[in-house]
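For reference, the chains in residue letters:
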Amino acid sequence: MRSGLWYRFEGVIRGLTPFILTLSLALLTVVPLRIPDFAPVTPALTVIAVYYWSIYRPDLLPMAAVFGVGFFQDALAGTPLGLTALVLIIVQYVVIAQRRFFHSKTFLVEWWGFMMVAPGAAFVSWLFASLYFGVLVAARPLGFQLLLSVALYPCIAWLFAQVQQYMLRST
Amino acid sequence: MRYRGASVRRLTLPVTGWVQRFSFALLVAASIGMLVLGRIESNFVERLRVGVTDTVAPVLEALSQPSATAAAIVEDMRSLADLHGENERLRTMNERLLQWQAVARTLEQENLAYKELLNLVDDPHPAFITARVIGDAGGAFVRTVLLNAGTDDGVRVGQAAVNAEGLVGRVVEAGRRSTRILLLTDLNSRIPVVMEKTRVPAILAGDNSDHPRLTFTPVNALFEPGERIVTSGHGGMLPPGLPVGEVVSTNSGVARVRPYVDWSALEYLRVLDFALPGILPATRTAGPAGPLP
């Protein structure tokens, strides 16, 4: 017999899914994979997550949560504290502003949108990192990182879509 | 009821939009504020960071285990395929190393005799802590790794981290159970080194590329490609004589060094407890995020 309390609890867990997924991707970013030369070009997994959930369920990933994820990733990865947080909230703000454009369009449009947003995010992070360190930081790894993120987007978006279908249909 | 809810929503809609824009501005300001704070008051920001890494360290430790296992399996398969060739290689290498051992023994005796003659004050022998790599930077801007040992195990800021190949980096943040190592290749890494043969001193400065460059070199110093570079021990934080790398190129007056360490295979590191007493006050920290000393 499932009580009302259990239902409410389940609802909360379901609602937290996008946040938990985004946070897990932040954690995954720093796990050493021991692939040669991979660490500097690790795809921007959290940018992918924030982009996806800002299109489909922005209500479940509030801006403060995005900021929290960015802060968490900065702390773990050793990047200047605040850098990823800044990039992620800008990504979310831009996507929510253009949300009507992406919503209920084909996947290709969504992917194409990501190809527009990701370079912008990379540029903002490069700009602020360069300002922070006081030198022009090498942009080459960032370019590779960008390519990897764009290439990886369909896989992660597909996973998110499955989660969304099974976990969030009812909310 | 439904009608009232809708009208309330219609009334609050502009307010929601306004709140959203306001929170965006607020969070952007908070991020930039944090970046500025990291520059001017790096101690506080580092404590914050160490708090997070310390909390997450056990999770990272568990997560990094499967990837380590997978890497080990791949390595096993690879070596299995070339077992015969490797055996042959090892046999020849063993022969050569035995000869070297004989040479080393003679030199050791000779060295000991000279030291006795000169009454030389010996460097303290570094004790070490071995720890596993549980996280890497995962980004384009910094080159750091996280270890699963901290101040509870005796790790202190400034100590050198080495593996079997040579110097890897030094400790820049030490939490209770996690430690951040700034790799030689990081933008903020500065290591005092000397050429092994000519004893020409230099500072090895990272710039996020695979080949850090030699700076603060004497005006007429010449660097031959292939020359070995070791730590000089200047500053007293790193033990002298740790192998660092070899000169690979000297394009337009800038000598670049290829470190001996294979960055993709960092699994266990040794943190050397060498610090001569009284060099750095205990509270001082310098990080990848902190200003250069």
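Residues numbered from 1 in each chain as written. Chains lettered and ligands numbered in written order. Predicted model: local features only at pLDDT ≥ 70, side-chain atom pairs only at ≥ 80, totals over all residues.

**Q** I'm lost on the interface of chain B and chain A in this one. Help?
**A** In many reports, interface size means the accessible area that the parts give up when they come together. On the side of chain A, 38 residues touch chain B, which itself brings 40 residues to the contact. Elements that contribute at least two residues to the side of chain B that touches chain A include exactly α1 (2-40), α2 (42-81) and β1 (127-136) of chain B. When residues of the side of chain B that touches chain A are assigned to their parent elements, the largest contribution, 12 residues, is made by α2 of chain B. Here the side of chain B that touches chain A is built from residues that sort into 23 nonpolar, 13 polar and four charged. (Contact = placed C-beta atoms within 7 Å. Helix = DSSP H or I, 4+ residues; strand = E, 2+ residues; numbered from the N terminus. Nonpolar A, V, L, I, M, F, W, Y, C, P; charged D, E, K, R; others polar.)

**Q** Looking at this structure, I do not really get the pairing of strand β7 (residues 201-205) of chain B. What am I missing?
**A** Side chains on a regular strand alternate between the two faces of the sheet. Residue and element names in this part refer to chain B. Burial along β7 is one-sided: the face carrying A202 and L204 is buried and the face carrying P201, I203 and A205 is not. For strand β6 (residues 190-195) and β7, the ladder comprises five bridges, and the chain directions are antiparallel. Looking at the pairing, P192 lines up with I203 of β7. Connecting the antiparallel pair β6 and β7 is a turn made up of five residues, with R199 showing a positive phi of about 60°. Judged from the three bridges that link them, β7 and strand β8 (residues 213-215) form a sheet pairing that is antiparallel. Its bridge partner being in β8, L204 is matched across the sheet by L214. (Buried ≥ 20, exposed ≤ 12 C-beta atoms within 10 Å, placed from the backbone. Pairing = 2+ DSSP bridges.)

**Q** Would you mind showing me how to read helix α1 (residues 4-30) of chain A here?
**A** Residues lying three or four places apart along an α-helix face the same way, a consequence of the helix completing one turn every 3.6 residues. With 27 residues, α1 of chain A should cover 39 Å at 1.5 Å per step; its first-to-last C-alpha distance of 39 Å lies within 8% of that length. For α1 of chain A, the principal kink sits at T17 of chain A and spans about 45°; a proline, P18 of chain A, occurs within the next four residues. Those residues of α1 of chain A not exposed but buried are T17, P18, L21, T22, L25, A26, L27, T29 and V30 of chain A. On its buried face, α1 of chain A is in contact with α2 (45-56), α3 (63-77) and α7 (140-167) of chain A together with α2 and β1 of chain B. (Expected span 1.5 Å × (residues − 1). Bend = angle between axes of the 7 residues up to and from the residue.)

**Q** For this particular structure, what's the right way to read the sheet that holds strand β3 (residues 160-162) of chain B?
**A** As a general point, the strands of a sheet are linked pairwise by backbone hydrogen bonds and lie either parallel or antiparallel. All names here are of chain B. The six strands lie next to each other as β1-β2-β5-β4-β3-β12, forming a closed barrel whose pairing is antiparallel. Averaged over all neighbouring strand pairs, the angle between strand axes comes to 45°, with direction disregarded. As defined by bridge partners, β3 adjoins strand β12 (residues 268-273) across three bridges and the pair is classed as antiparallel. Bridging from a neighbouring strand, A161 pairs with V271 of β12. Sheet strands touched by α2: β1, β2 (144-147), β4 (167-174) and β5 (179-183). Its angle to β1, the strand with the most contacts, is close to 80°. (Axes fitted to C-alpha atoms, helices over the stretch in contact; angles between N-to-C directions.)

**Q** When you look at the nonpolar core in this model, what are you seeing that I'm missing?
**A** A general feature of soluble globular proteins is that nonpolar side chains tend to end up buried together. Within the largest apolar cluster, 108 residues are counted, with the highest numbers of intra-cluster contacts made by Y51, I89 and V91 of chain A together with V168 and L269 of chain B. Ignoring anything within four residues of it in the chain, the contact list for V168 of chain B reads A161, V162, N163, I181, L183, L184, V261, L266 and L269 of chain B. (Core = buried A, V, L, I, M, F, W, Y, C linked by C-beta atoms within 7 Å.)

**Q** Looking at this model, I keep getting lost on the domain arrangement of chain B. Mind explaining?
**A** Assigned domains of chain B: these are domain 1 (70-118) and domain 2 (127-273). For domain 1 of chain B versus domain 2 of chain B, the separation of C-alpha centres amounts to 23 Å. (Domains from an automatic or database assignment.)

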